[in-house]
Amino acid sequence: MGHHSRRDSVAGNPPSSSSSSAFSPSDHHHHHHHTSHGYDLSWPFSKLDNLDREDIRETAYEVFFTACRSSPGFGGKNALTFYSSDHADGGAGGLGTVAARANGVGMAPTSRMKRALGLKALKRSPTRRSLSGGIGGGGSNPSSPSAAHGSASPRFGFTVPAARTRRPLTSAEIMRQQMRVTEQSDNRLRKTLMRSLVGQLGRRAETIILPLELLRHLKPSEFNDAHEYHLWQKRQIKILEAGLIDHPSIPLEKSNTFVMRLREIIRASESKPIDTGKNSETLRALCNSVVSLSWRTPNGAPAEVCHWADGFPLNLHLYLALLQSIFDIKEETMVLDEVDELLELMKKTWSTLGITKQFHNLCFTWVLFYQYVSTGQTESDLLCAAFAMLADVGNDAKRPDRDPNYLKFLSSVLASMQSWSEKRLLNYHEYFNKGIVGLMENLLPLALSATKILDEDVTATVLAEQEREEPTVDVDHAGNRVDYYIRSSTRNAFTKMIEQGNFSSMNVLDEEEATEALLQVAKETKDLAVKEKETFSPILKRWHPIAAGVASVTLHQCYGALLKQYLAGMSTLTSDTIGVLQRAGKLEKILVQMVVEDSVDCEDGGKAIVREMVPYEVDSVIYHLLQKWIEERLEAVKECLDRAKENETWNPKSKTDPYAQSGVELMKVAKETVDDFFEIPIGISDDLVQNLAERLEAIFQDYTTFVASCGTKQSYVPQLPPLTRCNRDSKFIKLWKRATPTCSVPIEGIQQSATNEGHHPRPSTSRGTQRLYIRLNTLHYLLSHLHSLDKILSLSPRIVPSSTRNQLRSSSRRQLGTSSAYFDLARLSIQTAAQHVSEVAAYRLIFQDSNSVFYDCLYVDDVANARIRPALRLLKQNLTLMGAILTDRAQALAIKEVMKASFEAYLMVLLAGGSCRVFCRSDHEMIEEDFDSLKRVFATCGEGLIAEDVVEREAETVEGVVALMGQSTEQLMEDFSILACEASGIGVVGAGHKLPMPPTTGRWNRADPNTILRVLCYRNDRAANLFLKRTFQLAKRR
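Residues numbered from 1 in each chain as written. Predicted model: local features only at pLDDT ≥ 70, side-chain atom pairs only at ≥ 80, totals over all residues. Heavy atoms only, no water.

1. Concerning the overall build of the protein chain
Counting its regular elements, the protein chain contains 40 helices and four strands. Split into buried and exposed, the 1038 residues of the protein chain put 53% on the buried side. Here the contacts in the protein chain between residues at least 6 apart in sequence split such that 79% fall between residues at least 24 apart. In the form shown here, the protein chain has an accessible surface area of approximately 46900 Å², with 51% of it arising from carbon and sulfur atoms. (Helix = DSSP H or I, 4+ residues; strand = E, 2+ residues; numbered from the N terminus. Buried < 20%, exposed > 50% of the residue type's maximum accessible area, 1.4 Å probe, protein only. Contact = heavy atoms within 4.5 Å. Areas by Shrake-Rupley, 256 points an atom, 1.4 Å probe, with all protein chains shown as cover.)

Written as structure tokens, this is what we have:
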């Protein structure tokens, strides 16, 4: 037989294709044009055990041919008219063509159904399905006498003249070719029907038990070999088993004897063919069982039709195999132009298969949809046709007389279509790229229609009985399925973007990599939003008014979750973190703008959808992270303070840096904190600056308090001796004093000290006093650096005023170019502390370190022989050492305090010098001269460290006391009496009254009665002695 490349040839077996394999659950692995997307379409019609696709297809063709046997081209008498005059007129437009059209041949290429479903016509010529005549051309006419009564071999057939005339194929030939039935099988079927139904041309197909008729009349001799016959016989028996036992249309009793007998025959047929001869007991038993089972009725009434192929789902499998034949076997995405007549012929099988119009619509919808899927989703017309058929299915689903089986399969079919469609719609970013995004426009209405029918017309009971591949997802957005698709697909696209960028393991990456990842994700999220708006939203907007808005909200939520995860892993604020947050803020603005633009026409102006966008609150996050950063950095400064309190020894850091190490470290950490604070790449509010400054200031004040914790000056001042009256000065007393000194420092010690030190004494400044100098230096070091910090905080260009008050304050600072706000309290504390430390250091230097040549030595026993010169020499040495240790800023205050301490010590020598000292009025000149020398030491110290007027002002009190020492005893007594009375408030002392004892205040002054009293106590004068004895009964000195 000749093989032709075009479909016109019917010789041989047609090539297998996916169009034949759509209707068996085991077929999914046999599609030649099957893409991976087709594998996930679930089969909704249940499975048939022991029957494969070939069995179903061949049986379906046999049922079809039997039902159509009286139609033209299937063996009806009219068909013979055509063949008898086939070559009477040699042209294609002659009588033969007219006869052929009259007998069901050469149907119109453009069908009414294809037009209704929007399907394209085949691109071949109207005469494409034609049969060529000629020697070996395979031009057998199955309905001609020679074909019906001749040899069973396909090699022998009716031979047309050598002119090779061409005629259109009949419907029977098209169906045989479409269902890939060989001529040999077709001839056997035709002959069997002619044998078994002789004289019964009008017998209805639904009364024929076709497999039984074929088993009875077809003999092994009509097959090529015994094996081929055995396979054919087993198929017929398996069909009977499926239709009568496994899937009967009328339920069977549990103990039906016919079923038991039929099962025995079926088991026997597995190993070898059963005997189908006329006298075969097996055949007789088979016929008896099959007929009995086929003609049962539910109520026992006489049956009008036999039931061997109308049980579910066998009948649907057979009918689906027939429907599958409408697709061109060479162009699998195309429906034959002859589909109208073919479907009309298929309708003849409904009574045999128990098919109704509702089942036809449902199956036809499935066939169109499955063909679209199994051919790689390349022909959108098939999808549109399936959607168009869903309208009929929807109408059928609303009918009140729905069959339970129909509801069952309706649910399964729609659930399968919905599941497959929604798998793509829930991830449309992946399945529909820019080139094929139009397919989504066709798939979306189909999915929505299937969902609507399922939700509205299929009862909850039926849904519960079905094993849905995916559970129905509850959608919270007013049942808007498209909203659900958008959110799901957008989330999936975002997740895929994360996975492809290896961002999913971001939580274990280091901070730098995590930052780069977040920045990249932000960029890709923006690109995804733009793609959504430009590519998908125009299509989705037909079903959802704010499609782009919903996608933007979803992306906002996805990136927000990632941002939250990132921030949870960040231990502190860095420039990288700021960059991520700022990029997130920009992305948020873009997404919000998309939502606003997309929802401008909404009734609420898009308020509801915008409310779904939980703000990133970038500014707030940055503020809180900044606060956390400040806390962490201040904790480091506090740790520095704590270390200082534990370890500071007040030794200088070095000769060039005479400060405490702790002070240097403290200001270094504070300076780094402030510098790093302004390195953060954001505008920093003045409130934050103020907060940082106040927290630092508190630490500085704490450290200042620690530095100033060095005792008090009073601890170094000698205790005042008791007031006594002085005896008249005599040589005996002088000698006795020298022999038995009562002074606090022995005379020998004084002489020895003077002998050892001579004119060049070494400084007497102790280590403790020098450490006080280091404290003082440290305080001034803090003060100078506070000025620097204040300037940085005040003049930084990154400061953003956070209120009108702060704005005015910040503006004034910038105009003045000075800092006067942030560390005022700390500055005041440091100045107070410096004053205190200077006092303590001065008193320690004078009253402790210089005590041996000053308070304990000066004017002891005799003014003339214990002048101030040795003390001044030592003082100068100590001042020189002080100048060497103290920084320039600290020297003025320190020397001033030494001056004040020296003056205080000098007054104590004169007024509280103890029993070692007595003064005569004649000593006044020497004392005055000595004090002038003491003043000159400070007036000439350094380069104007102390102004002369300052020295004079501080010396006024001492000079007043010195002046008292030059007054007469009588004048002193008179002045004392007046002042004492005034101080006590009694006025003038009358007769019989005593003067009150004035209290010791320690504030020496020439107008102070206690000061004058002390001058009298140390006056070596008889009148003074008697006055003190009479007035206060003061004891004599011992």
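2. Notes on the packing of helix α1 (residues 53–67) against helix α9 (residues 226–246)
Here α1 crosses α9 at 80°, and the two axes come no closer than 11 Å. Between α1 and α9, the interaxial angle falls into the category roughly perpendicular. Within the contact between the two elements, α1 uses Asp55, Glu58, Thr59 and Glu62 and α9 uses Trp232, Arg235, Gln236, Lys238 and Ile239. Taken together, the residues that form the contact of α1 with α9 break down as two nonpolar, two polar and five charged. (Axes fitted to C-alpha atoms, helices over the stretch in contact; angles between N-to-C directions. Parallel < 35°, antiparallel > 145°, perpendicular 65-115°, else oblique. Nonpolar A, V, L, I, M, F, W, Y, C, P; charged D, E, K, R; others polar.)

3. Re unusual backbone geometry
For the bond running from Phe312 to Pro313, omega is 5°, close enough to zero to count as cis. Within the secondary structure, Pro313 sits in the loop between α11 (281–294) and α12 (314–323). One non-glycine residue with positive phi stands out, namely Ser46, at about 65°. Mapped onto the elements, Ser46 comes out in the segment before α1. Residue class for Ser46 comes out partly exposed when judged on its relative accessible area of 32%. Despite not being glycine, Gln1033 shows a phi value in the positive range, around 50°. Examined against the element boundaries, Gln1033 turns out to sit in the segment after α40 (1022–1032).

4. Side note on the confidence of the model for the protein chain
Of the residues in the protein chain, 79% reach a pLDDT of 70 or more, and the chain-wide mean stands at 81. Here residues 460–464 is a poorly scored stretch, pLDDT under 50, and it has seven contacts once near neighbours within four places are set aside; other chains count. (pLDDT = per-residue confidence, 0-100.)

5. A few points about the side chain of Glu839
By the element assignment, Glu839 lies in helix α33 (residues 824–849). The side chain of Glu839 sits in the buried core without any salt bridge; Lys713 is the nearest counter-charge, 4.3 Å away. If sequence neighbours within four positions are ignored, Glu839 has contacts with Lys713 and Glu897. (Lys, Arg positive; Asp, Glu negative; His and termini not counted. Salt bridge = Lys/Arg side-chain N within 4 Å of Asp/Glu carboxyl O.)

6. Re the nonpolar core
Within the largest apolar cluster, 293 residues are counted, with the highest numbers of intra-cluster contacts made by Phe369, Tyr559, Tyr906 and Phe938. Looking at this core, the element that brings in the most residues is helix α35 (residues 888–911), giving 14 residues. With near-sequence residues (within four places) excluded, Tyr906 lies in contact with Phe854, Leu858, Tyr859, Ile868, Ile927, Asp930, Phe931, Leu934, Val958 and Val962. (Core = buried A, V, L, I, M, F, W, Y, C linked by side-chain atoms within 4.5 Å.)

7. Overview of the packing of aromatic side chains
Scanning all chains against the criterion turns up 32 aromatic pairs. Their ring planes at 25° and their centres at 6.1 Å tell us that Phe45 and Phe409 sit as a pair that is stacked. Highlighted residues: Phe45 in the segment before α1 and Phe409 in helix α17 (residues 404–425), separated in sequence by 364 residues. The same class applies to Phe45 and to Phe409, which are both buried. Consider the rings of Phe677 and Phe678, whose centres lie 5.2 Å apart with planes at 75°: the pair is edge-to-face. Of the two residues examined, Phe677 and Phe678, each falls in the buried class. Among the aromatic residues, ring-to-ring pairing joins Trp43, Phe45, Phe312, Phe359, Trp366, Phe369, Tyr370, Tyr372, Tyr406, Phe409 and Trp420 into one connected group. (Phe/Tyr/Trp six-rings, centres within 6.5 Å; stacked < 30°, edge-to-face > 60°.)

8. A short note on the side chain of Asn1025
Topologically, Asn1025 is positioned in helix α40. In this structure Asn1025 comes out as buried when scored by relative accessible area, which is 13%. In this structure, Asn1025 is in contact with Arg725 and Cys726, ignoring residues within four places of it in sequence.

9. Focus on the pattern of salt bridges
The full count for this structure, using the stated rule, is 38 salt bridges. Ionic pairing is found between Asp186 and Arg190, a salt bridge with its closest N-O pair at 2.8 Å. Of this pair, Asp186 and Arg190 both sit in helix α7 (residues 183–196), four residues apart, which is roughly one turn of that helix. The exposure class assigned to Asp186 is buried, which follows from its relative accessible area of 1%.

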